[in-house]
Amino acid sequence: MLGPVILAASRSDKMRRFVSAAPGTKQVVDRFIAGETVDQVVEIVRNSADKGLEVTLDVVGEDITTPEQAAGARDAYLELIGHLADLGLGTGAEMSVKLSMFGQSLQDGHELALANVRPVVEAAAAIGTTVTLDAEDHTTLDSMFAIHEELRKDFPQTGCVIQSYLFRTEEDARRLAAAGSRVRLVKGAYKEPASVAYQDKAEIDKAYVRILKTLMHGQGYPMIGSHDPRLIAIGQELARQAGRKLDEYEFQMLYGIRSDEQLRLAAEGHRMRVYTAYGTDWYGYFMRRLAEKPANLLFFARSVVTKG
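Residues numbered from 1 in each chain as written. Predicted model: local features only at pLDDT ≥ 70, side-chain atom pairs only at ≥ 80, totals over all residues. Heavy atoms only, no water.

## A few points about the pairing of strand β8 (residues 272-278)
Most of β8 sits inside the fold, with seven of its seven residues counted as buried. Side-chain alternation along β8 places Met-272, Val-274, Thr-276 and Tyr-278 on one buried face and Arg-273, Tyr-275 and Ala-277 on a second face that is also buried. Two elements, strand β1 (residues 54-59) and β8, share six bridges in a ladder whose sense is parallel. In the sheet register, Thr-56 faces β8, and the bridge partner there is Tyr-275. Sheet analysis places strand β7 (residues 250-254) next to β8, joined by four bridges and oriented parallel. Looking at the pairing, Leu-254 lines up with Tyr-275 of β8. Taken together, β7, helix α11 (residues 259-267) and β8 form a β-α-β motif whose crossover is right-handed. (Buried < 20%, exposed > 50% of the residue type's maximum accessible area, 1.4 Å probe, protein only. Helix = DSSP H or I, 4+ residues; strand = E, 2+ residues; numbered from the N terminus. Pairing = 2+ DSSP bridges. Right-handed = clockwise from strand over helix to strand, strands pointing away.)

Dropping the structure here:
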């Protein structure tokens, strides 16, 4: 029940100031955020590769209010790609982007976001990797899918994210499960109304399995975004039923969550990609991590009490 409350707080400037000033915040933020600078995150990428883990990198920050800020987000990704070029990891290190960072909500935001994200996708392709477009709240998805379709004309490896808690997603999955597509399936982490999304966890999980089955039996490349042991086991079984080899799908988990399980799956020969966020504007991302799992909130509360 706390999840919706925390998600609402993620949009509150007052709560942002309170959480940022809380004495235990840094300890918890460091668990979920890989660092604040490119140099810090590149070192983590290198260490992850040594452990057999792949990564998808997210420069955190969503509250874009001007075209200049959107251009700054674009440039931050271009800087990151410049650093990754020296590592030569290919698709072992890709990028995840939120189109809200590229100006999607501004005036003429669809065109602005497309114009800003295209050079990032081009630069990623030039060093042998790719970009996945993150899903945000349901009001942004038609624009996201249209941009995804446009980018795939020149860069067919461009991926996108779908969310099992939305009613529309089963239809989206059938459309996206085509040859060459890359689709990450997650449960969803935004506060959505009952008119567009399941509110019950069991219904969200059931939808996740139905959608994952569609992806596994399609012609694209499914990316299983979950920390849930049951869904991970179901994903493995669905892949087996669909006759997929270990390199024909992958698991994805968040940096700082179930690290031992990440290493276990990689050791078994699975492609295991870690969603690794970094940067200074961490608040929105951090609050969604607290909302997703009560244990995360408990960890934060204990840290605040201890440090206080």
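Having seen it, we continue.
## Here we look at the packing of aromatic side chains
If you walk through the whole model with that rule in mind, you get three aromatic pairs. Summarising the aromatic geometry, the rings of Phe-167 and Tyr-198 are spaced 4.8 Å apart at their centres and angled 85° between planes, so their arrangement reads as edge-to-face. Residue Phe-167 is found in the loop between β4 (159-163) and α8 (169-176), and its partner Tyr-198 is found in the loop between β5 (182-186) and α9 (201-216); the two are separated by 31 residues along the sequence. Of note, Arg-175 hangs over the ring of Phe-145, and the distance from its end group to the ring centre comes to 4.9 Å. (Phe/Tyr/Trp six-rings, centres within 6.5 Å; stacked < 30°, edge-to-face > 60°. Lys NZ or Arg CZ within 6 Å of the ring centre and 35° of its normal.)

## Examining α11
Along an α-helix, residues three or four apart share an orientation, since each turn contains 3.6 residues. Listing the buried residues of α11 in full gives Glu-261, Gln-262, Leu-265 and Ala-266. Taken around the axis of α11, the buried residues stretch over an arc of 135°, which confines them to a single face. Facing away from the buried side of α11, by more than 90 degrees, are the exposed residues Asp-260 and Ala-267. Structurally, α11 contributes buried residues whose contacts are with α10 (229-241), β7 and β8. In the segment just after α11, Gly-269 is the residue with positive phi, at about 100°. (Arc of directions from axis to C-beta. Contact = heavy atoms within 4.5 Å.)

## A short note on unusual backbone geometry
One non-glycine residue, Asp-108, lies in the positive phi region at around 55°. Of note, Asp-108 is situated in the loop between β2 (93-97) and α6 (109-126). Despite not being glycine, Arg-258 has its phi angle at roughly 55°, a positive value. Here Arg-258 shows up in the loop between β7 and α11.

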